[in-house]
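Coordinate inspection notes
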Amino acid sequence: MATIALDRLLDPDAVRPLVDAARALLPGSTITICDADGAPLAGLEASATSAPSARRSIEVGGGPVGQVEVAADGALAANLDAVAALLASSLSLAASEAAARRSVTAAALDDLRELSLLSKLAETIGAAVDPDRIAGCVLETIARPLRADVAIVLPADRLDGGRVAAALGEPGDVERLVRDATPLLARLRAEDPVQGTCVDLDRLADPDGFPSIVAAVLRTTEATQGAIVLGRRWDAPPFEDIDRRLVASVASETAVALERASLQREIVNRRRLDDELAIGRRIQRSLMPRRFPSLPGWEIAAAYEAAREIGGDLYDAFLLRDQPGRLAFLVADVTGKGIPAAILMADTRALLHAAADWGPDPAETLARVNRILVEERAVSLFVTVALGLIDAASGDVAFASAGHDPVHVLRVDGSLTALEPTGRIIGLAADIGAHDVRLSVGPGDAIVAHTDGITEARSPQGAFYGEDRLRALLASLAGRPATEIVDTVIADVADFRAGSEPNDDLTLLVVRHLPA
Amino acid sequence: MDITTERPTADVAVIALAGELDGSNFENVIEAGRIALAAGASRVVIDLGELTYMGSSGLVAIHSIALLTRGREPVSPENGWQAIHDIGSEAADAGDPTLHLAAPGPSVSRVLDRSGMSGLFPVHPDRGTAVAAASG
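Residues numbered from 1 in each chain as written. Chains lettered and ligands numbered in written order. Predicted model: local features only at pLDDT ≥ 70, side-chain atom pairs only at ≥ 80, totals over all residues.

Another point: the overall build of chain B. A tally of regular secondary structure across chain B gives five helices and five strands. Out of the 136 residues in chain B, the part that is buried amounts to 46%. Long-range contacts, defined here as pairs at least 24 residues apart, represent 69% of the contacts in chain B between residues at least 6 apart. (Helix = DSSP H or I, 4+ residues; strand = E, 2+ residues; numbered from the N terminus. Buried ≥ 20, exposed ≤ 12 C-beta atoms within 10 Å, placed from the backbone. Contact = placed C-beta atoms within 7 Å.)

Helices and strands together make up the secondary structure of chain A, namely 11 helices and 18 strands. Across the 516 residues in chain A, those meeting the buried criterion constitute 41%. Counted over contacts in chain A with a minimum sequence separation of 6, partners at least 24 positions apart contribute 67%.

All names here are of chain A. Counted at 1.5 Å a residue, the expected span for helix H2 (residues 12-25) with its 14 residues is 20 Å, and the 20 Å between its end C-alpha atoms agrees. Taken as a whole, H2 has its buried residues at Val15, Val19 and Ala22. Taken around the axis of H2, the buried residues stretch over an arc of 60°, which confines them to a single face. Residues Asp13, Ala14, Arg16, Pro17, Asp20 and Ala24 are exposed on H2 and point more than 90 degrees away from its buried face. On the buried face of H2, the contacting elements are strand S1 (30-35), strand S3 (63-71) and helix H3 (80-125). (Expected span 1.5 Å × (residues − 1). Arc of directions from axis to C-beta.)

Attention shifts here to the nonpolar core. Nonpolar side chains in soluble globular proteins generally cluster together in the buried interior. Judged by nonpolar contacts, the single largest core of 110 residues is most densely connected at A:Leu330, A:Leu366, A:Ile426, B:Ile15 and B:Ile46. Apart from the residues lying within four places of it in its own chain, the contact partners of A:Leu330 are A:Tyr315, A:Asp316, A:Leu352, A:Val385, A:Ala386 and A:Leu387. Counting residues in hydrophobic clusters, the runner-up holds 42 residues, among them A:Ile125, A:Ile152, A:Ala165 and A:Ile228. (Core = buried A, V, L, I, M, F, W, Y, C linked by C-beta atoms within 7 Å.)

What follows covers the confidence of the model for chain B. Atom-level detail of predicted coordinates should not be read off regions where pLDDT is low. Residues at a pLDDT of 70 or more form 83% of chain B, whose mean pLDDT is 84. Taken over the whole predicted complex, pTM reads 0.61, whereas the ipTM for its chain interfaces reads 0.80. (pLDDT = per-residue confidence, 0-100.)

Remark on secondary structure: sheet strands pair via backbone hydrogen bonds, oriented parallel or antiparallel. All names here are of chain A. Here we have five strands laid out as an open sheet, ordered S10-S11-S12-S13-S16, and antiparallel in their pairing. The sheet is open, and its two edges are formed by strand S10 (313-319) and strand S16 (437-440), each paired on a single side. Along the sheet, successive strands turn relative to each other by an average axial angle of 15°, direction set aside. As paired elements, strand S13 (residues 396-402) and S16 share four bridges and run antiparallel to each other. Residue pairing across strands places Asp396 opposite Ser440, the latter belonging to S16. (Pairing = 2+ DSSP bridges. Axes fitted to C-alpha atoms, helices over the stretch in contact; angles between N-to-C directions.)

A separate point is the pairing of strand S8 (residues 224-232) of chain A. Residue and element names in this part refer to chain A. For S8, the buried fraction is high: eight of the nine residues fall into the buried class. The sheet contact formed by strand S4 (residues 150-155) and S8 spans six bridges and is antiparallel. In the sheet register, Ala151 faces S8, and the bridge partner there is Leu230. Bridging between strand S7 (residues 212-219) and S8 involves eight bridges; their strand directions are antiparallel. Paired with Ile213 across the strands is Gly231, a residue of S8. The loop that links S7 with its antiparallel partner S8 comprises four residues.

Residue and element names in this part refer to chain A. The residue Asp431 is located in the loop between strand S15 (416-419) and S16 in this model. Under the C-beta neighbour-count criterion, Asp431 is labelled partly exposed, with 17 such atoms within 10 Å. In the structure, Asp431 is positioned 61 residues away from Asn370 in sequence and 7.6 Å away in space, judged by C-alpha atoms.

Right, dumping it as structure tokens:
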């Protein structure tokens, strides 16, 4: 603790009565009162004497702050010690009381300073949203009251230097402060990984460096938001405890402001993403058939469930133009999400409709669509498509699949055939290399097409629903109506998921040849 | 999903994936490929041995790294459209493929086979064979 000058603690007017009282005890004595450096107190100087003397120190809090010297001649000299001790202890008491009063006042002033700084800070950064702007406001508010020559705020991802969020001071000084602060911040974070902390440094040996630095990591309970560092040059006094305390308060307020700003940004981004997903969803919904065409001897049922985040399923069933009694069905899954996936899906659907009208071969239809998408649209998204063309009267089906999950043919006798992909996923290569599969779907048989949202549905424990479970369930539904097959599978998948959110779109399409 | 990158030879980087590769993390795989190539590798082996699941996003990741090994920049679907049509013929024509796949398990193999991707890039039974083939 720094020594407080005695003359600032003791008012001569208050001291004089004590001195007079002491002199009354020792008439004719010489009394001198000096501060810690031996300089006599103004107004209490005494002339030098060669008489015997006694000295006692004046103490505050156990430390000497001055001295009493009492000198006297003759018979009275026997009482010198006692009088000096009495006077010294009286003065010590007075000085201690003054020191206590003084430190209370100083603390009150410090509190006031902190309050005014914080309220000014709250006012300036209250409305700011941009983190760099918040950092700039903070520095402008605190640099002068804290008598900092240089001040910087480092963003959370640049605590090892690199970029400053805001800086005040000469460019060279700023650069040097960043360099000096880096090891200090690393130590602060290592020492106390939880609390926002400040330290001040002693004067450094390096004359190029900053002799006095106060640094604080800006931390909330949630995360580190950055760091604030102030520096003083050689010609300024080093930072003291009060500065450290002020910076700590400023740091916690700044950290909260930065966290609020980053939350706000997150909400804005989140909303933008949600908007985009919602628009993508609307496009996607608009592509789904509202009702299926009626085809004598056949029935169609479907279910579709959208996942919140990803998914780009599409299904459709439509009569081919100028080809009476012929129906196309398709199930597709676009990789990706949002508007790009929805646009690709709209493209794919329109192209499939047009291409299917044009020719009788699904493989050729898929190849044409792939060529157009790859060469002209140049997509970097992929689409799996399973496409079948049904001749209603004969039950003959031509089928091709560009990388799509197996489509099942559920026979009326309970046997199950899996139609595996016959070509590559659309968008991957100029040539999907697809071929057609031809089969006959008799009365009572059903074609069941799904997307991977079914087989990759997950239980709360993380297990996949899987193809085996789907096949076993389908086998038990042989000969059942299309809507019953759809409802049973969807209900079983929901049971399996046991309330957990679907993580991908889920589509099931059943086209069934009615029993004769 | 964990991603580990190794550099067994000056030319070859091995990107080993463990866990589940899906829409939430496929971009990290592309980033790992970008970093490996920026560090000077010219061939990439993707070790799929520890993958327990690969969704269709995995195809985008593999395809994007293949483009990167050819010095082409895959553009995120979020950012726009991009030509990819010649990758297939390039892969088929090139006697010296720049991207190799290693050690896919049954479920990952199924995704590669169904999409037709296993016909476009060499698929090796284990990492050692893949690195040897990539070192050519």
